[in-house]
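Results of the structural survey
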Amino acid sequence: MIVTKTISETRRIINEAKKKGKKIGLVPTMGALHDGHLSLVRQAKKDCDFVVVSIFVNPTQFGPDEDYKKYPRTLTDDKLLLGRGKVDLLFLPTAEEMYPQRFSTYVTEGNLSQFLCGKSRPGHFRGVCTVVTKLFNIITPGIAYFGQKDYQQVEIVKKMVKDLNFSLKIKTVPIAREENGLAMSSRNKYLNSSERKKALAISQSLSLAKQLIRKGERNCKIIKNKIKNHIRSKKSVKIDYVEVVDAKTLEPKTKLSDRFVIAIAVYLGKTRLIDNIILEA
Ligand code: PAF
């Protein structure tokens with residue numbers, strides 16, 4: 001696996017691969033890799049001839065009171081996993097390389113970003129759109145891979161790609177879950193064993209909602225209350241939001257119809273976890 005730190009070196013290698021007719025796949029990550037990331041790599045390996053993974057803990061997508069400084073950084077393990085996954089290139093830029101002094105251009109999606117995590121994390125998606133745009137321009141992939149756990153992120157990136165005429169495809173890979181149902185996340189590394197147990201309430205509550213819907217419930221308030229009550233039954237899990245939203249517009253729904261997403265964000269202590277399911281009425 002080639003490892004690059006500069007944009008110019010990365011471009012040179014990508015150009016060489018393109019000259020050889022290779023199709024480039026990009027898996028953008030912030031590191032602290034788990035099987036969810038590796039499932040994106042596996043999909044990229046199936047579709048593309050030259051797979052690039054970027055690891056960059058992007059400062060612009062963290063709020064001032066968020067976990068930028070203590071976000072898990074596990075580079076030695078990450079490199080091992082990516083080597084085993086037969087990744088061709090690991091792009092590992094520094095913050096200075098991505099945001100040199102006097103950097104002043106940002107990308108904002110103005111509609112889907114208002115909902116869900118956009119409400120509780122102002123500026124987050126502006127940071128995501130900006131860094132993803134930069135990565136697309138540096139790596140110029142044919143396909144870029146994102147996990148469904150960040151459902152809103154994927155929809156925003158797809159919208160940005162459409163609105164700004166990027167010439168690449170976005171492919172989504174389903175949420176990777178631990179055996180007990182917990183959605184895999186780099187932030188799970190923050191959880192102690194008691195918090196890990198409590199965190200199961202998130203995926204359990206989504207299963208409960210699914211059962212309720214199978215039995216015919218269509219009222220979103222009832223569904224959300226069922227979820228909230230289950231989560232609240234585990235002490236010290238604080239709900240940020242429980243929403244039922246349209247799968248395309250992300251607007252909140254009152255009655256189930258078409259394709260919709262149940263999206264949850266909670267805090268366990270200082271750790272913010274998200275999860276979702278996509279269903280059809
Ligand atoms: O999902 C993530 O890990 C990040 O938001 C991304 C897409 C790598 C941008 O920093």
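A quick note: this is a predicted structure, and the numbers were derived from the prediction, not measured. (Residues numbered from 1 in each chain as written. Predicted model: local features only at pLDDT ≥ 70, side-chain atom pairs only at ≥ 80, totals over all residues. Heavy atoms only, no water.)

Comments concerning the site of the ligand
Lining the immediate environment of the ligand, one finds P28, T29, M30, N58, Q61, V131, F146, D150 and Q153. For the ligand, an oxygen atom lies 2.6 Å from a polar atom in the side chain of Q61. The side chain of Q153 places a nitrogen or oxygen atom 2.7 Å from an oxygen atom of the ligand. Against a free-state accessible area of 290 Å², the protein chains account for coverage of 89% of the ligand. (Near = heavy atom within 4 Å. Polar contact = N/O pair within 3.5 Å; in protein donor to acceptor, adjacent residues only side chain to side chain. Areas by Shrake-Rupley, 256 points an atom, 1.4 Å probe, with all protein chains shown as cover.)

Things to note about the packing of helix α8 (residues 193-214) against helix α9 (residues 220-232)
Contact pair α8 / α9: the axes reach a minimum separation of 9 Å and the direction vectors enclose 150°. On the basis of their axis angle, the class for α8 and α9 is roughly antiparallel. Judged by the sense of rotation from one axis to the other, the crossing of α8 with α9 is right-handed. Residues A201, Q204, S205, L208, A209, L212 and I213 of α8 form the contact with α9, whose participating residues are I222, I223, K226, I227, H230 and I231. Here the residues of the contact of α8 with α9 sort into 9 nonpolar, 3 polar and 1 charged. (Axes fitted to C-alpha atoms, helices over the stretch in contact; angles between N-to-C directions. Helix = DSSP H or I, 4+ residues; strand = E, 2+ residues; numbered from the N terminus. Parallel < 35°, antiparallel > 145°, perpendicular 65-115°, else oblique. Left-handed = near helix turned anticlockwise from the far one by under 90°. Contact = heavy atoms within 4.5 Å. Nonpolar A, V, L, I, M, F, W, Y, C, P; charged D, E, K, R; others polar.)

Observations regarding helix α1 (residues 7-19)
If you check α1, its first and last C-alpha atoms are 18 Å apart, about what 13 residues at 1.5 Å a residue would give, namely 18 Å. Among the residues making up α1, those that are buried are I7, T10, I13, I14 and A17. Viewed along the axis of α1, the buried residues span an arc of 130°, placing them on a single side of the element. For α1, exposure combined with an orientation more than 90 degrees from the buried face picks out S8 and K19. Contacts from the buried residues of α1 go to β1 (2-4), β2 (24-29), β3 (50-55), β4 (89-91), α4 (95-98) and α6 (124-139). Where α1 begins, the capping side chain belongs to T6, and its oxygen is found 3.2 Å from the backbone nitrogen of E9. Just downstream of α1, G21 is the residue with a positive phi angle, here 85°. (Expected span 1.5 Å × (residues − 1). Buried < 20%, exposed > 50% of the residue type's maximum accessible area, 1.4 Å probe, protein only. Arc of directions from axis to C-beta.)

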